[in-house]
Amino acid sequence: MKFLNKLESSIGRFAIKNLMLYIIVAYIIGYILMFTNPNALMYLTLEPYAIIHGQVWRLVSWVLIPPGTSIIWAVIMMFFYYSLGRNLERTWGVFKFNLYIFGGIIFTILGAFLLFFITGMGPNMIGSYFSTYYINMSIFLAFAICYPNMQVLLWFIIPIRMKWMAVFYAAIMGYTFFRSDGAGRMAIGMSLLNFVIFFFATRNYKSISPKEIHRKQQYKKSMDQAKIKRQTISKHKCAICGRTPEDDPTLTFRFCSKCNGNYEYCQDHLFTHKHIIR
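Computed from a predicted model, the values in this text were never measured in an experiment. Think of each chain on its own: its residues are numbered from 1, step by step along the sequence as written. In keeping with the model being predicted, local features are shown solely for residues with a pLDDT of at least 70 and side-chain atom pairs are shown and tallied solely at 80 or more, while totals for entire chains, interfaces and linings include all residues. As a convention, hydrogens and water are excluded, and side-chain values are obtained from all of the structure's heavy atoms.

A. Examining the overall build of the chain more closely. Going along the chain from the N terminus, every DSSP run of H or I of four or more residues is numbered as a helix, and every run of E of two or more is numbered as a strand. The secondary structure content of the chain amounts to 11 helices and four strands. Computed with the Shrake-Rupley method and a 1.4 Å probe, the accessible areas treat only the protein chains shown as cover for residues. Entry remark: accessible area of the chain is about 17,300 Å², with carbon and sulfur atoms responsible for 65%.

The structure is reproduced here in structure tokens:
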């Protein structure tokens, strides 16, 4: 966390606000291409062989490729992940959310190149393994850890807490990982590496978890209320009429030396009151 804080102080000004909106716009462009010119997607995939041979735009263009083909699923997915991303950005801050997303993108690119150099797979053989699907899944898992008890409607019908959905999808990904070949495992592992680093290496996100933030807000609120209360409590109060400087700023107050105890009186009752003797 100290390293991240130093990094944020150095380059935090370059962080992109509302980054999730730009990702959704990229998906929209990808869907438009999918339905208007499907062959164009062949030139956008993450293919290390093609990138090394001059098609450097593929380092970025693969982000445009949407993770599904159904229009209904696309609309639900974009609204859902936009909501998750915006909430994570508010929870972590713009810079840390940027670092999380771009970390997933960079690790995915590194995974594709590692697979290329290890296996020597030729053109149009690696791109099908690498997409933003698992980067989106890392967003979901991060949100589930930050908001484990939030309820959502599964298939718009069944109420379920985020932590149980996360367990379910983690089990599916684990099963997919062990059932896949080496290329599939590389794609899954590298795409989720940002999640592993952020939540198992740093181990310090408890301090910015919603529960901890809520506790700090409640503490600050109670301290502010106590401060206001202290400010409103008058230092002087007449033992007879109960008036204070708030009732009349021109009043003067004195303690009576003949009364047994700390009894204070306003100017109207200082000499007319009956002395209290115990």
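B. Up close: the packing of aromatic side chains. Each Phe, Tyr or Trp ring (for Trp, its six-membered ring) is paired with any other whose centre lies within 6.5 Å, and the angle between the two planes then decides the class: stacked below 30 degrees, edge-to-face above 60, tilted in between. Enumeration over the complete set of coordinates arrives at 11 aromatic pairs. With a centroid separation of 5.0 Å and 70° between ring planes, the pair formed by Trp92 and Tyr100 is classed as edge-to-face. Comparing Trp92 with Tyr100 shows no difference in burial state: the two are buried. For the pair Phe168 and Tyr169, a centre-to-centre distance of 5.4 Å together with 70° between the ring planes defines the contact as edge-to-face. Throughout this description, buried means an accessible area under 20% of the type-specific maximum (1.4 Å probe, protein chains only), exposed means over 50%, and partly exposed covers the range between.

C. Up close: the packing of helix H6 (residues 94-119) against helix H7 (residues 133-146). Interaxial angle, 0 to 180 degrees, is taken between N-to-C directions of lines fitted to C-alpha atoms, where a helix line uses only the stretch in contact. Direction vectors running N to C along H6 and H7 enclose 145°, while the axes themselves pass 10 Å from each other. Pair H6 / H7 crosses with right-handed handedness. Between H6, through Tyr100, Ile101, Gly104, Ile105 and Thr108, and H7, the contact on the second element is made entirely by Ile135, Ser138, Ile139 and Ala142. Amino acids outside the nonpolar list (Ala, Val, Leu, Ile, Met, Phe, Trp, Tyr, Cys, Pro) and the charged list (Asp, Glu, Lys, Arg) are all regarded as polar, and Gly is one of them. Classifying every residue of the contact of H6 with H7 gives six nonpolar, three polar and no charged. In this scheme the crossing of two helices becomes right-handed for a clockwise turn of the near helix relative to the far one and left-handed for an anticlockwise turn of less than a right angle. Only heavy atoms matter for contacts: two residues are in contact if any of them lie within 4.5 Å across the pair.

D. Broad picture of the state of the cysteines. Disulfide assignment relies on a single distance test, namely cysteine sulfur atoms paired within 2.5 Å. Under the defined criterion, the tally for this structure stands at zero disulfides. The thiol of Cys238 is unpaired, and the distance to the nearest cysteine sulfur, on Cys241, comes to 3.6 Å. Of the cysteine sulfurs around Cys266, a residue in no disulfide, the closest is that of Cys238, at 3.7 Å.

E. Inspection of the nonpolar core at higher detail. Within this scheme, the nonpolar core is defined by two criteria: the residues are buried Ala, Val, Leu, Ile, Met, Phe, Trp, Tyr or Cys, and they are joined through side-chain atoms within 4.5 Å. Tyr81, Leu88, Ile101, Phe130 and Phe140 are the most contacted members of the largest nonpolar core, which totals 57 residues. If you list the elements that add at least two residues to this core, you get helix H2 (19-36), helix H5 (71-92), H6, H7, helix H8 (162-179), helix H9 (182-191) and helix H10 (193-201). If we skip the residues at most four places from it in the chain, Leu88 touches Gly93, Phe97, Ile139, Ala142, Phe143 and Cys146. Ranked by size, the runner-up nonpolar core spans eight residues in total, among them Cys256, Cys259, Tyr265 and Cys266.

F. Fine view of the packing of H5 against H7. It is at 10 Å that the axes of H5 and H7 come closest, and there the two elements cross at 55°. Relative to H7, H5 is oriented oblique. Note that H5 runs across H7; the crossing there is left-handed. Facing H5, whose interface residues are Met77, Phe80, Tyr81, Leu84, Gly85, Asn87, Leu88, Thr91 and Trp92, H7 presents Asn136, Met137, Ile139, Phe140, Ala142, Phe143 and Cys146. Within the contact of H5 with H7, the residues separate by chemical class into 12 nonpolar, four polar and no charged. Comment on the angle field: the value is read as roughly parallel under 35 degrees, roughly antiparallel over 145, roughly perpendicular from 65 to 115, and oblique elsewhere.

G. Layout of unusual backbone geometry. The backbone of Asn18 shows a phi angle near 55°, a positive value even though the residue is not glycine. As for its placement among the helices and strands, Asn18 is situated in the loop between helix H1 (2-11) and H2.

H. Region of the structure containing the confidence of the model for the chain. Here the chain shows a mean pLDDT of 81. Residues at 70 or above account for 87%. Mean pLDDT across the secondary structure elements of the chain bottoms out at helix H11 (residues 210-232), with 66, and peaks at helix H4 (residues 58-61), with 91. Every residue carries a pLDDT, the predictor's confidence in it, which falls somewhere between 0 and 100.

I. Geometry of the pattern of salt bridges. Just to be clear on terms, a salt bridge is a Lys or Arg side-chain nitrogen sitting within 4 Å of an Asp or Glu carboxyl oxygen. Counted according to the given criterion, the structure contains two salt bridges. Across the salt bridge formed by Arg86 and Glu89, the nearest N and O atoms sit 2.8 Å from each other. Of this pair, Arg86 and Glu89 both sit in helix H5, three residues apart, which is roughly one turn of the helix. The exposure class of Glu89 is buried, given its relative accessible area of 8%. Across the salt bridge formed by Asp268 and Arg243, the nearest N and O atoms sit 2.7 Å from each other. With Asp268 in the segment after strand S4 (264-266) and Arg243 in the loop between H11 and strand S3 (253-255), this residue pair connects regions lying 25 residues apart in the sequence.

J. Quick peek at a nonpolar patch on the surface. Residues enter patches when they are more than 30% accessible in relative terms and free of salt bridges; like-charged ones are connected within 9 Å and nonpolar ones (Val, Leu, Ile, Met, Phe, Trp, Tyr) within 5 Å. A cluster of nonpolar residues, Ile16, Leu21, Tyr22, Val25, Ile29, Phe102, Ile106 and Leu110, forms a patch on the protein surface that exposes about 690 Å² of accessible area. Elements with a minimum of two residues in the nonpolar patch: H2 and H6. Take the nonpolar patch: its biggest share by element is four residues, from H2. Position of Ile16 relative to the elements: it lies in the loop between H1 and H2.

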